[in-house]
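# Topology and contacts: notes
Spelled out, the chains give:
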Protein chains: 2
Amino acid sequence: MIGTFLRKRTVRVGILGTGVVGATLGSKLIQIGHEVKMGSRSANNVKAIEWAQQNGANASFGTFADAAAFGEIVFNCTAGTVSLAALSSAGAGNLKGKVLVDVANPLDFSKGMPATLSVCNSDSLGEQIQRAFPNARVVKALNTMNCRVMVEPSLVPGEHDVFVCGNDPQAKARVEEVLKSFGWRSIIDLGDITAARGTEMILPIWLRLWSLSQNRHFNFRIAH
Amino acid sequence: MIGTFLRKRTVRVGILGTGVVGATLGSKLIQIGHEVKMGSRSANNVKAIEWAQQNGANASFGTFADAAAFGEIVFNCTAGTVSLAALSSAGAGNLKGKVLVDVANPLDFSKGMPATLSVCNSDSLGEQIQRAFPNARVVKALNTMNCRVMVEPSLVPGEHDVFVCGNDPQAKARVEEVLKSFGWRSIIDLGDITAARGTEMILPIWLRLWSLSQNRHFNFRIAH
């Protein structure tokens, strides 16, 4: 199954966010043959322009709304604490019916370290996004690892897992195709979007492990 | 190193709680040669009496205070939402200087499923216990798996991990000896007791994985 997403056809992807996560995912998607528009608050974000210049003819940039309108699949790669605002700028109409892959984590660094989550326990960012944009098909995925590992799982030796959850089975199947095209072999479907509580709440132990090892290239494996 | 805890000498252990976690840990500790007193709210708890009857001459029972006074090492195996009350009954004096292994999770099932945590994010049960009993040497451990796996890690195939955290290095070293005597080979020291936030907050994904698979014999592995 690896590579079916790639082999089928070129897909137009919108990336919301110009940080390292958005740039890394965007570059990988270009590399495997897709067209990517990176969106930000302004139409002329310097980081988005630089990223597009470095990634060739299939890379472009624009506003959040431009990127969301462009994508058949849209990745939310904004900081979790501003994701709802960014998605509002993108526009519910531009997200309608789209597969919206929520990669963000609601990490709040404003109260010092260790970071806390701005939403957790009885709710999650993934659920907030699905409630705010009921016509988008939200799939939470890839938020439990460093972005280099997201697009190159072989950076971590041995077996390890990526989690997906969401309310729409077809949208999850589409995201699983993308993940396989990135090289993922073990994809765990956790069910509906409420499972985003679980995947977002493993961030505190992720951050602790990272601070202890100073190595970002690790990941969770469910041994069973 | 496996078995050094066992080979060195018989240790007196207090188990707080008469549920399946306390009974499973208590029986294992008896099996490998230690003396265990199981404590509960009353001196004559039926489950504690039955457990002691089934576990031979090295098993006994009593109140929380009796068990805490008896143990050189004390395991908190009460439900997380009542742990502070149970430990108050055990008595700060009986816990003074003791290694207190906090196995509990602050799971709140009162609002329906999925369960939430009664404390999380900017605090944890492990930290609450350490603050309430500053003279106990709290080590959070074993709370991230089913109790059969706690005492028989080989139930889960392949490599997988147990986490420990706490403020007292000697107490953690003591707990690591106990874990090795249970068969644990990979023990990850997450640092001070604030890391209990991280290990308690992985319970929601644990519960989701369990509800999907109906298999309790799985565990986390940090692939790196």
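Keep in mind that what you see is a predicted model, and the values were worked out from it rather than measured.

### Observations concerning the overall build of chain A
- Within chain A, the regular secondary structure consists of 11 helices and 11 strands.
- A compact globule built from 224 residues would reach a C-alpha radius of gyration of about 17 Å, and chain A, at 16 Å, matches this within 12%.
- Seen through its principal axes, chain A has C-alpha atoms that stretch 40 × 40 × 35 Å.
- The 224 residues of chain A split such that 60% are buried.
- Nonlocal contacts in chain A, meaning residues at least 24 apart in sequence, comprise 71% of its contacts between residues at least 6 apart.

### Points about the relation of the copies chain B and chain A
- Once turned by 180° and shifted 0.0 Å along the axis, chain B lies on chain A with an RMSD of 0.0 Å. On the angle and the small slide along the axis, the relation comes out as a two-fold axis.
- Looking at the interface residues of chain B, 100% of them are also at the interface in chain A, so both copies use one shared face.

### Some words on the sheet that holds strand β8 (residues 137-141) of chain A
Residue and element names in this part refer to chain A.
- In space, the 8 strands of this open sheet follow the order β3-β2-β1-β4-β5-β8-β9-β10, with mixed pairing throughout. If you trace the sheet from one side to the other, it starts and ends with β3 (59-63) and β10 (187-189), each paired once. In this sheet, adjacent strand axes meet at a mean angle of 25° when their direction is disregarded.
- For strand β4 (residues 73-76) and strand β5 (residues 99-102), the ladder comprises 4 bridges, and the chain directions are parallel. Residue Asn76 lies in a different strand from β5, and its bridge partner there is Asp102.
- Sitting on the sheet, helix α9 (residues 169-182) is in contact with β4, β5, β8, β9 (162-166) and β10, with an inclination near 160° to β9.

### Remarks on the nonpolar core
- If you look at the biggest cluster of nonpolar residues, it comprises 76 residues, and the most contacted ones within it are Leu95 of chain A together with Leu95 of chain B.
- With residues near it in sequence (within four places) discarded, Leu95 of chain B still touches Ala68, Val74, Leu87, Ala90, Leu100, Phe133, Asn135 and Ala136 of chain B.
- Ranked by size, the runner-up nonpolar core spans 38 residues in total, among them Val13, Met145, Val164 and Leu179 of chain A.

### Some remarks on unusual backbone geometry
Residues and elements named next belong to chain A.
- That bond from Met113 to Pro114 is cis: its omega, -5°, falls within 30 degrees of zero.
- Looking at the secondary structure, you find Pro114 in the loop between β6 (107-108) and β7 (116-117).
- We note that Gln214 has phi near 60°; this positive angle belongs to a residue other than glycine.

### Quick notes on the pattern of salt bridges
Residue and element names in this part refer to chain A.
- A complete count under the given rule lists 28 salt bridges over all chains for this structure.
- Between Arg221 and Glu159 there is a salt bridge, with its nearest N and O atoms 3.9 Å apart. Here Arg221 is found in strand β11 (residues 219-223), whereas its partner Glu159 is found in the loop between α8 (147-151) and β9, with 62 residues between them in sequence.
- Arg221 gets classed as buried once you look at its relative accessible area, which sits at 19%.
- Three or more residues joined by partner-sharing salt bridges are found here, namely Arg9, Arg12, Glu72 and Arg174.

### Considering the environment of Arg174 of chain B
Residues and elements named next belong to chain B.
- Tracing the backbone shows Arg174 in helix α9 (residues 169-182).
- A relative accessible area of 22% means that Arg174 is categorised as partly exposed.
- Separated by 73 residues in sequence, Arg174 and Val101 have C-alpha atoms that sit 10 Å apart.
- Excluding its chain neighbours within four sequence positions, the residues that come into contact with Arg174 are Arg9, Val11, Glu72, Ile73 and Val99.

### Some details on the interface of chain B and chain A
- Each side of the interface is counted separately: chain B has 37 residues, and chain A has 37 residues.
- For the pair chain B and chain A, the two sides together bury roughly 2,800 Å², of which 68% comes from carbon and sulfur.
- A salt bridge links Asp192 of chain A to Arg208 of chain B; the nearest nitrogen and oxygen atoms lie 3.4 Å apart.
- Taken together, chain B and chain A are joined by 11 residue pairs in polar contact (both at pLDDT 80 or more).
- Those elements that place two or more of their residues in the side of chain B that touches chain A are β7 (116-117), β10 (187-189), α10 (196-200), α11 (203-213) and β11 (219-223) of chain B.

### A short note on the sheet that holds strand β2 (residues 35-40) of chain B
All names here are of chain B.
- Pairing is mixed in the open sheet, where 8 strands are placed in the order β3-β2-β1-β4-β5-β8-β9-β10. The sheet is open, and its two edges are formed by β3 (59-63) and β10, each paired on a single side. Neighbour to neighbour, the strand axes of the sheet diverge by 25° on average, direction disregarded.

### Here's the deal with the packing of aromatic side chains
Residue and element names in this part refer to chain A.
- Under the defined criterion, the tally for this structure stands at 4 aromatic pairs over all chains.
- Centroid distance Trp206 to Trp210: 5.8 Å. Interplanar angle 40°. Geometry classified as tilted. With a gap of 4 residues between them, Trp206 and Trp210 both fall in helix α11 (residues 203-213), about one helical turn apart.
- The class for Trp206 is buried, based on a relative accessible area of 8%.
- The ring of Phe70 carries the charged tip of Lys37 above its face, separated from the ring centre by 5.3 Å.

About the criteria used
- Residues numbered from 1 in each chain as written.
- Chains lettered and ligands numbered in written order.
- Predicted model: local features only at pLDDT ≥ 70, side-chain atom pairs only at ≥ 80, totals over all residues.
- Heavy atoms only, no water.
- Helix = DSSP H or I, 4+ residues; strand = E, 2+ residues; numbered from the N terminus.
- Rg over C-alpha atoms; globule rule 2.2 N^0.38 Å.
- Buried < 20%, exposed > 50% of the residue type's maximum accessible area, 1.4 Å probe, protein only.
- Contact = heavy atoms within 4.5 Å.
- Least-squares fit on C-alpha atoms with pLDDT ≥ 70 in both.
- Pairing = 2+ DSSP bridges.
- Axes fitted to C-alpha atoms, helices over the stretch in contact; angles between N-to-C directions.
- Core = buried A, V, L, I, M, F, W, Y, C linked by side-chain atoms within 4.5 Å.
- Salt bridge = Lys/Arg side-chain N within 4 Å of Asp/Glu carboxyl O.
- Buried area = accessible area lost by both parts, 1.4 Å probe.
- Polar contact = N/O pair within 3.5 Å; in protein donor to acceptor, adjacent residues only side chain to side chain.
- Phe/Tyr/Trp six-rings, centres within 6.5 Å; stacked < 30°, edge-to-face > 60°.
- Lys NZ or Arg CZ within 6 Å of the ring centre and 35° of its normal.

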